[in-house]
Amino acid sequence: SKEMGRDTLCVFDGPGNIKISLEIGREEELRRAIENEELFLEYQPRVNMITGQILGLEALVRWRHPKSGIVPPLQFIPLAEETGLILPLGTWVMKTAARQAKAWQDAGLPPVVMAVNVSARQFCDPLFINHVEEALAESGLAAEFLELELTEHTLMGDVTGALNAMNAVKALGVRLSVDDFGTGYANLDVLRNFPMDLLKIDRSFIDALPGDQATKSMAGAVMSLARDLNLTVVAEGVETPEQRDYLRGQGCAEAQGYLYSAPIGAPDIARLLGTAC
Ligand code: C2E
Ligand code: CA
Ligand code: CA
Ligand code: CA
């Protein structure tokens, strides 16, 4: 059949081999990118939807590729996860973000929490906690200003392992959040037992708002689950005033999204924080 032919092609034929060698080429490129500082960070503000005050920043990695230009994270994070390059990449992101947050504080800007995305493979690495300690020690950033974003997927894999790692991180004073909330299969009781500080409601729920009654019920259910857990709730991907008004009406106080600011470079963030002084 056609299906079988495709499988066979992947394993034995020339084109299959070409695909594999392209992937290896890409892996080598990414390895070099980490060493050559081709990666950089943008930051997106998390704001209080009532006052507009900036409460935190999320660091988001980009690749300035010598030939392809700026490559967004969804085009290389999966490869980094498959190959294990997410370990050096993730450590670089955490250290760079911590150093930047401390530099802004030292410049007299109002202190805000710096959130960093942590993938499952990174979080499960036995050396992860050492890298967190190093990031704090090397930057001089107080632990309370560092936040690690984990997904439900990360938390549900090996619950005991995740809980141990989370307790170790919390013992340092670092904050923890659940990213993309509502997209995974997290059991609420389990979530309740995790030492989390904040839940970020996935953009797919916000995207659909205001929408029809069924959609609103879905989004409302996720928000009330989040509130039941007694955690700070943040709406991700707020793009329109209608979404903002609806969420405010539902008692959601914090948001991140293009309505407030896209992810932007460090100099622009410094200006934003500066005008908030
Ligand atoms: P995420 O952690 O859910 O990050 C939010 C993504 O939503 C960002 O995309 C951001 O630019 C985008 N976004 C924010 N507000 C809006 C909005 O109002 N509308 C729309 N349509 N999009 C919005 P980005 O920067 O392309 O990152 C995509 C994903 O890549 C992230 O999703 C995260 O899962 C991953 N990622 C980014 N940086 C890192 C990193 O340093 N480490 C790891 N492990 N993953 C990362
Ligand atoms: Ca995130
Ligand atoms: Ca998210
Ligand atoms: Ca995500």
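Use the structure listed above.
Quick caveat, the model's predicted, so the values are computed rather than measured. (Residues numbered from 1 in each chain as written. Chains lettered and ligands numbered in written order. Predicted model: local features only at pLDDT ≥ 70, side-chain atom pairs only at ≥ 80, totals over all residues. Heavy atoms only, no water.)

Draft legend 1. Looking closely at the coordination of the calcium ion (ligand 2). Coordination of the calcium ion (ligand 2) by the protein is provided by Glu-58 (OE), Asn-117 (OD1), Glu-149 (OE) and Asp-179 (OD), with metal-donor distances spanning 2.1 to 2.3 Å. Within one chain, the residues donating to the calcium ion (ligand 2) are spaced in sequence as E-x58-N-x31-E-x29-D. Between the calcium ion (ligand 2) and the calcium ion (ligand 3) the interatomic distance amounts to 4.0 Å, and Asp-179 serves as a bridging ligand to the pair. In this pair, Glu-58 sits in strand 2 (residues 54-65) while Asp-179 sits in strand 6 (residues 175-181), placing the two residues 121 residues apart along the sequence. Accessibility classification places Glu-58 together with Asp-179 in one group, the buried group. (Donors = N, O, S within 2.8 Å, 3.2 Å for Na, K, Ca; no water. Helix = DSSP H or I, 4+ residues; strand = E, 2+ residues; numbered from the N terminus. Buried < 20%, exposed > 50% of the residue type's maximum accessible area, 1.4 Å probe, protein only.)

Draft legend 2. Main features of the pattern of salt bridges. For the structure on display, the rule yields 14 salt bridges. Between Arg-46 and Glu-254 there is a salt bridge, with the nearest N and O atoms lying 2.5 Å from each other. Here the residue Arg-46 occupies a position in strand 1 (residues 39-48), and Glu-254 occupies one in strand 9 (residues 254-256), the gap between them amounting to 208 residues. Using a relative accessible area of 7% as the deciding quantity, one classes Arg-46 as buried. Taking the relative accessible area as the measure of exposure, Glu-254 reaches 14% and is therefore buried. The closest approach of N and O atoms between Lys-200 and Glu-149, which form a salt bridge, is 2.6 Å. Placement of the pair is Lys-200 in strand 7 (residues 198-201) and Glu-149 in strand 5 (residues 146-151), with a sequence separation of 51 residues. An identical accessibility class is assigned to Lys-200 and Glu-149; each is buried. (Salt bridge = Lys/Arg side-chain N within 4 Å of Asp/Glu carboxyl O.)

Draft legend 3. Summary view of the nonpolar core. Counting residues in each nonpolar core, the largest one holds 78 residues, and the members touching the most others are Leu-30, Phe-76, Leu-89, Phe-123, Leu-148 and Leu-247. For this core, the leading source of residues is helix 4 (residues 86-106), giving nine residues. Once you skip the residues sitting within four places of it in the chain, Leu-89 turns out to touch Leu-30, Ile-34, Leu-39, Phe-76, Ile-77 and Ala-80. (Core = buried A, V, L, I, M, F, W, Y, C linked by side-chain atoms within 4.5 Å. Contact = heavy atoms within 4.5 Å.)

Draft legend 4. Molecular detail of the site of ligand 1. By nearness alone, 22 residues border ligand 1, and Gln-44, Arg-62, Asn-117, Glu-239 and Tyr-258 come closest of all. Within the side chain of Gln-44, one N or O atom sits 3.0 Å away from a nitrogen atom of ligand 1. Those elements that provide at least two residues to the shell around ligand 1 are strand 2, helix 4 and strand 6. Of all the elements, strand 2 adds the most residues to the shell around ligand 1, at four residues. Among the residues forming the shell around ligand 1, the class breakdown is 10 nonpolar, five polar and seven charged. (Near = heavy atom within 4 Å. Polar contact = N/O pair within 3.5 Å; in protein donor to acceptor, adjacent residues only side chain to side chain. Nonpolar A, V, L, I, M, F, W, Y, C, P; charged D, E, K, R; others polar.)

Draft legend 5. Up close: the coordination of the calcium ion (ligand 4). Here the calcium ion (ligand 4) is held by the protein donor atoms Asp-180 (OD) and Asp-180 (OD), which lie 2.5 to 3.2 Å from it. In this structure, the calcium ion (ligand 4) lies 5.5 Å away from the calcium ion (ligand 2). Secondary-structure assignment places Asp-180 in strand 6.

Draft legend 6. A look at the environment of Ile-129. Relative to the elements of secondary structure, Ile-129 occurs in helix 6 (residues 128-139). The exposure class of Ile-129 is partly exposed, given its relative accessible area of 23%. Sequence-wise, Ile-129 and Met-166 are 37 residues apart; in three dimensions their C-alpha atoms are separated by 9.3 Å. Apart from residues no more than four positions distant in its own chain, Ile-129 is found in contact with Ala-168, Val-169 and Leu-172.

Draft legend 7. Here's a closer look at the packing of helix 6 against helix 8 (residues 159-172). Contact pair helix 6 / helix 8: the axes reach a minimum separation of 10 Å and the direction vectors enclose 15 degrees. On the basis of their axis angle, the class for helix 6 and helix 8 is roughly parallel. Handedness of the crossing formed by helix 6 with helix 8: right-handed. Between helix 6 and helix 8, the residues in contact are Phe-128, Ile-129, Val-132 and Glu-133 and Ala-168, Val-169 and Leu-172, respectively. Taken together, the residues that form the contact of helix 6 with helix 8 break down as six nonpolar, no polar and one charged. (Axes fitted to C-alpha atoms, helices over the stretch in contact; angles between N-to-C directions. Parallel < 35°, antiparallel > 145°, perpendicular 65-115°, else oblique. Left-handed = near helix turned anticlockwise from the far one by under 90°.)

Draft legend 8. Representation of helix 6 within the structure. In this model helix 6 runs 17 Å from its N-terminal to its C-terminal C-alpha over 12 residues, within 8% of the 16 Å that 1.5 Å per residue would give. Those residues of helix 6 that are buried lie in contact with helix 4, helix 5 (120-123), strand 5 and helix 8. Within two residues after helix 6, Gly-140 carries a phi angle of roughly 80 degrees, on the positive side. (Expected span 1.5 Å × (residues − 1).)

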